[in-house]
Amino acid sequence: MKDRLLPYWLLIPAFIIVLATTIYPLAYSFITSFRAWDLTKSRRPEGFVGLDNYLYAAGESQFLNSLWVTFVFVITSVILTVVLAMALALLLRRKGPMHTFTRIILILPFAMSPALIGVSYRFMFNPEFGVIANGLGAVFPALQGVPWLADPQLAMGILVLTDVWHWTPYMTFMCLGGLASIPRETEEAARIDGASNLRIVFGIILPQMRGVILVMAVLKTIFALKMFDQVVTLTGGGPGTSTETLAYFIFNVGFRWFDMGYASALAWILTAIMMFISIWYVRMLLSERKMATA
Amino acid sequence: MAEVRLVDIEKKYGNFLAVPKQSLTIHDGEFLVLLGPSGCGKTTTMRMIAGLEDITSGDIMIKGERVNDKPPKDRDIAMVFQNYGLYPHMTVRQNIEYPLKLRGMSKVDRKARVQETAEKVELDALLERRPSELSGGQRQRVALARAIVRTPSIFLMDEPLSNLDAKLRVTMRAELKHLHHELGVTTVYVTHDQMEAMTLATRVAVMRDGKIVQLDTPKKIYAEPADLFVAGFIGSPSMNLIDGAVQSGVFRADGVELPVDLAGCKGVVLGIRPEELDITEDAGAAISGKLYALELTGESTLVTLRNGPSSVCARGHADFEAEINSPCHLAPKDGARIHLFDRATGERLR
Amino acid sequence: MRKTLAYLGERALLALISFVVLFPIAWMFLTAFKQPRDAYSLSLIFEPTVQNFVTVFSEPWNLGSMVLNSVIVATVTVAIAVPCAALAAYSFSRFRVKGRKFLFFLILSTQFIPAVVIVLPFFLMFRQLDLLDTRIALIIVNLAIVTPFVIWMIKGFIDAIPTDSEEAAMIDGASRLRVIKDIVMPMAAPGIMTSSIFCFILTWNEFLFALILSRRDAVTLPVGLVSFRTERGDLWELMSAAGVMITVPIFIMALFIQKHFTRGMTAGAVK
């Protein structure tokens, strides 16, 4: 009889951790999102205000700006990362000493602290003594003296760049894993049938990689939605609010202005977006698998 | 006395009935083979005996004792798995020693027993190696050694030879047979290979869709298959099964005309083994058709002839030669067993 | 001719990729060993010095205590998360118990929850309990991020282990717990090792929690970077030296698990 309960006993420690560190705080912040609570005024939560926090968000330009910034960031960084990763994986799947070397060093960007990446790029794009800023200026005179991080569009570009630099290697590994699971025969058969390299990539390989690409895109989307670390260390949300992502905006509301109720509501809006994408992702995966087994 | 009795056991996975209600007694010292195609429930049946799978209803009795609720470790059984189930992180010695260790045997005794067992299966030179450094046959021996080291009262073997190459399989088969003879332990053996079943078994239980369709000695099963399924499953090349009808004591099909011991019946399948057919020049022979293929197997030639939809195979002399597509005739040997089955139900008619 | 061209093109491309990957890292390492005046020039020729490292480890920067905080937080987090996760992963992988799918989905979906959502209530709670700016606080919140992730990863590894050996052990006379201890854990050891390192890297690099929940005593390395932004401007050479301290141990670990890298991650994701 003891054996029948064992599966549950094994789950308990992990479940307690998840319950205490995730479920409980989630519930707490959900409730807080319906209250007014300015931490600078009161140590305890004030009264319930219904949907006020959410309604306020709907009309607040800074929130809408952060939504837009997040949207732009997610779209560009996901597309760039996935496409680059796919291309890199196709290049790297062959065997060879240089291929192996590149594969090994690719792990480094992903292991690097995102906060540190932000700092490094900030340094390299410094218009006075940044190595990239000056390097580009030397090669392309038109780019001399460009105030990289002081320009809204360019700052966003560099933010995306740091993220792509950080994530592409990992996504490349996922692609390589996917490529390895494609049976070699189909590709070889196509080659014998006289298909060109390009045709093989677009006609044979990519269709079989659909599932992997989908997983990559959604995972990347979820992580991109949370973008925070580099915003703090690279741009500080600026210039102005041009790189203020949703996560960074919530951080500001909560820990600069100490409006806990509003911050909780914003956090739940972000959560809802992520949940929506996650559910959609699981659905897609399931139907994809059905197709694969059919 | 290690007798295993399955009483009205049944196994369901949700709504799927894997093993319908049935009983089976495995006698003490017997080598019982569960034979059937994959997915027929033979492995499930064995795993229920082992205690690796719960039974939905019924009782399992080992040595007269009900063991339904006993975990595998308390059933006094040993099992050899299809993929050996070795412990990859332990040496051969530690692998063989593990069951003894779990039973709290002293270190000195353990060492002696491992040595003794290893010698029995010729592993004594490999004791310090890891499973990954062994060949398939050697791994198989380790699995065997681990099973016999603690002298259990029942052996369970789940397709133990299926991962070996053909040649090794034959050698190991003989070793298993010898081992059973030497130890005399009740053995339940699962396989889909009818050759293994025939050569090893005291009795064979042929299974289909979870049900035992015939339980008998190999000889009996070969000579008197209970139904069409068993007839087609046992023997290599398999029994010729010809669709036809019986009318006034004669079986007729395209190119076949054979007097049989049955008055009349439609929808009959006639079965006759290739080795019980002779090739003749006699145009009036029971079976005629065009020669379709000749396959030399070494000690004989398999002659296949076709007539319409039916094709019949005979085992002929190794020297037999003829033109493909030339007319060819076959006749049953004297005293050949001719089986008749009902096509619709598969049941044996005669 | 065409073949050699394609060959050279491929090499050139690979070289370019390696350059893009390595350059920012290399530049940071170089800067860390430059004297302040060289740090602001772009020359590759300079007199290397370890002065920056000496500086960051002394007052007022005190990188030593940040290193200690990072090491303690990451190690304790791993030490708590991995054993609990391994047991849960085994249960998820091997038993078909009621509610298993729901539980697994619940635990997995918490991985998709943004850290900002969790950190707000934790900030309030820790303030109440007077745990702000302590390592314990950081360990607790890191567990939230790391545990589901490690369960997922280790489950992938355990799923890949055939059940034969476990069943053999049960028949050989081992209880379930004994099977887990004697058979499963040793067989899953490489996977558990990989997951532990992964978990360590995640915690080590964690920024948001540490930024919000630490002020002075519990500051970890990534947050420490921010303190090199002074009124005098950013002290790049010191930041770089600190960056090297953050990076080196993680790079060594990452290279160590390089081989298992994709297997562990993609197995769970694709299947």
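Residues numbered from 1 in each chain as written. Chains lettered and ligands numbered in written order. Predicted model: local features only at pLDDT ≥ 70, side-chain atom pairs only at ≥ 80, totals over all residues. Heavy atoms only, no water.

## Considering the sheet that holds strand S8 (residues 186-191) of chain B
Residues and elements named next belong to chain B.
Reasoning step 1: Reading across from one edge, S6-S7-S8-S3-S9-S10 is the order of the 6 strands in this open sheet, with mixed pairing throughout. A single partner strand is all that each edge strand has here, and the edge strands are strand S6 (77-80) and strand S10 (211-216). The mean inter-strand angle of the sheet, taken between neighbouring strand axes irrespective of direction, is 20°.
Reasoning step 2: One ladder, built from 5 bridges, connects strand S3 (residues 31-35) with S8; its direction is parallel. Note that in S8 the partner of Leu 32 across the bridge is Val 188. (Pairing = 2+ DSSP bridges. Helix = DSSP H or I, 4+ residues; strand = E, 2+ residues; numbered from the N terminus. Axes fitted to C-alpha atoms, helices over the stretch in contact; angles between N-to-C directions.)

## Thoughts on the interface of chain B and chain C
Reasoning step 1: Taken together, the contact pairs 23 residues of chain B with 16 residues of chain C.
Reasoning step 2: Taking both partners together, chain B and chain C bury about 1700 Å²; carbon and sulfur atoms supply 61% of that area.
Reasoning step 3: A salt bridge links Arg 150 of chain B to Asp 172 of chain C, with the shortest nitrogen-to-oxygen separation between them at 3.5 Å.
Reasoning step 4: Our enumeration of links across chain B and chain C arrives at 12 residue pairs in polar contact (both at pLDDT 80 or more).
Reasoning step 5: Residues belonging to the side of chain B that touches chain C are distributed by class as follows: 15 nonpolar, 3 polar and 5 charged. (Contact = heavy atoms within 4.5 Å. Buried area = accessible area lost by both parts, 1.4 Å probe. Salt bridge = Lys/Arg side-chain N within 4 Å of Asp/Glu carboxyl O. Polar contact = N/O pair within 3.5 Å; in protein donor to acceptor, adjacent residues only side chain to side chain. Nonpolar A, V, L, I, M, F, W, Y, C, P; charged D, E, K, R; others polar.)

## Some words on the confidence of the model for chain A
Reasoning step 1: Predicted confidence across chain A gives a mean pLDDT of 86, with 96% of residues reaching 70 or more.
Reasoning step 2: Helix H14 (residues 260-293) of chain A is the least confidently modelled element of chain A, averaging 79 in pLDDT, while helix H3 (residues 61-92) of chain A averages 93, the highest of any element. (pLDDT = per-residue confidence, 0-100.)

## Focus: the UniProt feature "domain: ABC transmembrane type-1" (unreviewed entry) in chain C
Reasoning step 1: Within this structure's numbering, the places UniProt gives as "domain: ABC transmembrane type-1" (unreviewed entry) are residues 67-257 of chain C.
Reasoning step 2: Helix makes up 79% of residues 67-257 of chain C and strand 2%, whereas the separation of the span's terminal C-alpha atoms amounts to 22 Å. (UniProt positions renumbered as here; feature names shortened; annotations may be inferred.)

## Details of the UniProt feature "domain: ABC transmembrane type-1" (unreviewed entry) in chain A
Reasoning step 1: As recorded in UniProt, the feature "domain: ABC transmembrane type-1" (unreviewed entry) lies at residues 67-281 of chain A.
Reasoning step 2: Counting secondary structure, residues 67-281 of chain A comes out at 77% helix and 0% strand; the distance between its end C-alpha atoms is 21 Å.

## Side note on the sheet that holds strand S5 (residues 65-66) of chain B
The pairing of strands in a sheet happens through backbone hydrogen bonds and is either parallel or antiparallel.
Residue and element names in this part refer to chain B.
Reasoning step 1: Spatially, S2-S1-S4-S5 is the arrangement adopted by the 4 strands of the open sheet, whose pairing is antiparallel. The sheet is open, and its two borders are formed by strand S2 (16-26) and S5, each paired with just one other strand.
Reasoning step 2: When strand S1 (residues 4-13) meets S2, the two strands line up antiparallel, connected through 7 bridges. The residue of S2 that forms the bridge with Lys 12 is Leu 17.
Reasoning step 3: Along the sheet, helix H1 (residues 42-50) makes contact with S1, S2 and strand S4 (57-62), crossing S1 at roughly 115°.

## Quick look at the state of the cysteines
Residues and elements named next belong to chain C.
Reasoning step 1: Under the counting rule described, the total for this entry stands at 0 disulfides over all chains.
Reasoning step 2: No disulfide involves Cys 84; its sulfur sits 11 Å from the nearest other cysteine sulfur, which is in Cys 199.
Reasoning step 3: On the basis of relative accessibility, which here comes to 0%, the residue Cys 199 falls in the buried class. (Disulfide = S-S within 2.5 Å. Buried < 20%, exposed > 50% of the residue type's maximum accessible area, 1.4 Å probe, protein only.)

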